[in-house]
Amino acid sequence: MTTSVPQGALRVSATEREPIVDRLQQAFAEGRIDKEELDLRLHLAMTARTRADLDAVLADLAPVPAAPAVPVPAGEPTAEQRVLAALAHVLGGTTLFLGPLVMLCTTARRSPYVRAHIVTALNFQLTLLILTIVTFGVGAIAYAVSWIVCGVAALLGLAGTPFRYPFTLRLVR
């Protein structure tokens, strides 16, 4: 034998009371009810035994408007994207052009921000390589300076700022 119990006659739990208490406090903050009425309604909500008793506490209050979703600005890189951008510059300084080249093949599709930093690091390292080859090794002195520039680029990548190396050929786009 099963008997159906009306929805309003079901007992309420403490977890069902919490949203009601929050809504009452919000109504008080909005100025819809005064302090005495808040205290009375809180007492009724905390002593309510059934859902019908609990629904009566909010019967004359407007429903809670849905909070608008806060969109993430499209131009703001996430923390993961910033770390990947900084990693491209650090790998460029330590592995020459191989690190950024591998990143270009594997992680460049994640975001335009990461791709821009990877391409910038790769172009800088390729420019240094061409300079070294053309000057028969004398251009290798530029690699000593490149560590400092790569460090600055990595910090700017972590900060979420775009960066372009000076005097760099744009071989990869």
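The structure under discussion appears in the preceding block.
Predicted, not measured: the structure shown is a model, and the values here were computed from it.

Cut-offs used in this document
- Every chain's residues receive numbers from 1 upward, in the order its sequence appears when written.
- Local features are withheld for residues below a pLDDT of 70 in this predicted model, meaning they are given only at 70 or higher, and side-chain atom pairs are given and counted only at 80 or more; totals for whole chains, interfaces and linings count all residues.
- The side-chain numbers reported here are obtained from all heavy atoms of the structure, hydrogens and water having been left aside.
- Each helix is a run of DSSP H or I of at least 4 residues and each strand a run of E of at least 2, with the numbering of both proceeding from the N terminus.
- Each residue is assigned to one of three classes by its accessible area relative to the maximum for its type, calculated with a 1.4 Å probe on protein chains only: buried under 20%, partly exposed between the two thresholds, exposed over 50%.
- Note on definitions: a residue-residue contact is assigned when non-hydrogen atoms from the two residues lie within 4.5 Å.
- In this description, accessible areas are obtained by the Shrake-Rupley approach with a 1.4 Å probe, and a residue is regarded as covered only by the protein chains that are shown.
- Throughout, nonpolar core names a set of buried Ala, Val, Leu, Ile, Met, Phe, Trp, Tyr and Cys residues whose side chains join them through atoms within 4.5 Å.

## Topic: the overall build of the protein
Next, step 1: Assigned secondary structure in the protein consists of seven helices and zero strands.
Next, step 2: Start at the N end of the protein and walk to the C end: the helices and strands fall as α-α-α-α-α-α-α.
Next, step 3: Here the protein, with 173 residues, has 34% of them falling under the buried criterion.
Next, step 4: Long-range contacts, defined here as pairs at least 24 residues apart, represent 65% of the contacts in the protein between residues at least 6 apart.
Next, step 5: Total accessible area on the protein is roughly 11,300 Å²; 67% of this is exposed by carbon and sulfur atoms.

## With respect to the nonpolar core
Nonpolar side chains in soluble globular proteins tend to end up buried together.
Next, step 1: Ranked by internal contacts, the top residues of the largest apolar core, which has 18 residues, are Ala88, Met103, Leu104, Ile118, Phe124 and Tyr165.
Next, step 2: Among the secondary structure elements, those contributing two or more residues to this core are α4 (79–95), α5 (98–106), α6 (112–134) and α7 (141–159).
Next, step 3: Considering each element in turn, this core owes the most residues, eight residues, to α6.
Next, step 4: When neighbours within four sequence positions are excluded, Tyr165 is seen to be in contact with His89, Thr120, Ala121, Phe124, Val149, Cys150 and Ala153.
Next, step 5: Core analysis: the second largest hydrophobic core is formed by 14 residues, Ala27, Ile33, Ala45 and Leu61 among them.

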